[in-house]
Amino acid sequence: MFCLQAFEAASRLGNFSRAAAELHLTPGAVSRQVRQLEDWCGQTLFERHGSGLRLTAEGRALQSRLDGPLAALHEAVYPQPAEQRPTLQVATLGSLARAWLVPRLAGYIARAPQTRLVVHTDYALVRPPPRVAVVALRHSAPGDGGEVLFSDRLIALATPALQRRLGADPARWPATQWLTHQGDDAPLWLAAAGLAVKPEGPSFNDAGVALDAAEAGLGVTVARLSLALPLLRAGRLVQAHALLTPSPRANLCVVRNDSAALPVVQGFMAWLREHAAGTQAEIDAFV
């Protein structure tokens, strides 16, 4: 089944890298799946030239034969509910879901009450078959693909009590008071501040948990402003230092080409863009 998905994506997109991005795999994994299919059917399905692909006559014939069976397999694995209620899957990170998506979902549910929403927030990547309504919300470099929803900034945060105790000079903050999310946000902020500190406090693989730790008074953390805004508004965290630095990564939305035209996807994307524009305005106006 999966080698057929890899072939279908590569033949439609004409490139292993684009197929890999759509299927959440590496280009090498897609290439191996296609090679396995070629070995199994005893035919060369692609002519490979540089990074591009061109279907052979045998590949074009297989592509035409697969259209119907893949659609039928999709219907068998994901049958339409009896009440014809459309399902939309949203794949994202827990931090983005908690701080940004969930607080806004009531508006989308009111707008599309017949849509069944399934939100995936674990680190296991969703690999849907063709024509499944899936929207992925990512935090990545703009060049990685997808539509940019809003850019972001990096901010140092602490509880009001800790900020008062540490003072205004981050060069005097103990290294053990720095909490980090496993990524390069803290090093980027520290470099922009001209600090050579190597954080020695607890480290977390989830940005939302790092914010929870800061809210618990465990130390100072560097976070994306989009995730921190609810805590700043509520006064549970404050800006520990005046420096705001642009993040090299943005908040992106990725939709498979073969599901972009589905009404449930188009409706969600329209709603998503409205709220993303509001968030971008908040980030740009933050002082």
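This one's a predicted model, so the numbers in the text were calculated from it and none came from an experiment.

Caption draft 1: Up close: the side chain of Ser-11. Structurally, Ser-11 is set in helix H1 (residues 2–13). Ser-11 sits in the buried class, given a relative accessible area of 14%. A distance of 2.9 Å separates the side chain of Ser-11 from the backbone oxygen of Glu-8, its partner in a polar contact. For Ser-11, the side chain forms a polar contact with the side chain of Gln-63, separated by 3.3 Å.

Caption draft 2: Highlighting the state of the cysteines. Under the definition given, this model contains zero disulfides. Free cysteine Cys-3: the closest other cysteine sulfur is in Cys-41, separated by 9.0 Å.

Caption draft 3: Layout of the sheet that holds strand S10 (residues 220–224). An order of S9-S8-S10-S7-S11 is seen for the five strands of this open sheet, with the pairing classed as mixed. Both edges of this open sheet fall to strand S9 (203–204) and strand S11 (238–246), since each of them pairs with a single strand only. By the bridge criterion, two bridges tie strand S8 (residues 178–181) to S9 in an arrangement that is parallel. The residue bridging His-181 from the neighbouring strand is Phe-204, located in S9.

Caption draft 4: Spotlight on the pairing of strand S3 (residues 87–91). A large share of S3 lies buried, amounting to four of its five residues. Direction of pairing for S3 relative to strand S4 (residues 116–120): parallel, over a ladder of five bridges. By the bridge assignment for S4, Val-90 is matched with Val-119. Relative to strand S5 (residues 134–140), S3 is paired through three bridges, and the arrangement is parallel. Considered in S5, the bridge of Val-90 is made with Val-135.

Calculation notes
Residues numbered from 1 in each chain as written. Predicted model: local features only at pLDDT ≥ 70, side-chain atom pairs only at ≥ 80, totals over all residues. Heavy atoms only, no water. Helix = DSSP H or I, 4+ residues; strand = E, 2+ residues; numbered from the N terminus. Buried < 20%, exposed > 50% of the residue type's maximum accessible area, 1.4 Å probe, protein only. Polar contact = N/O pair within 3.5 Å; in protein donor to acceptor, adjacent residues only side chain to side chain. Disulfide = S-S within 2.5 Å. Pairing = 2+ DSSP bridges.

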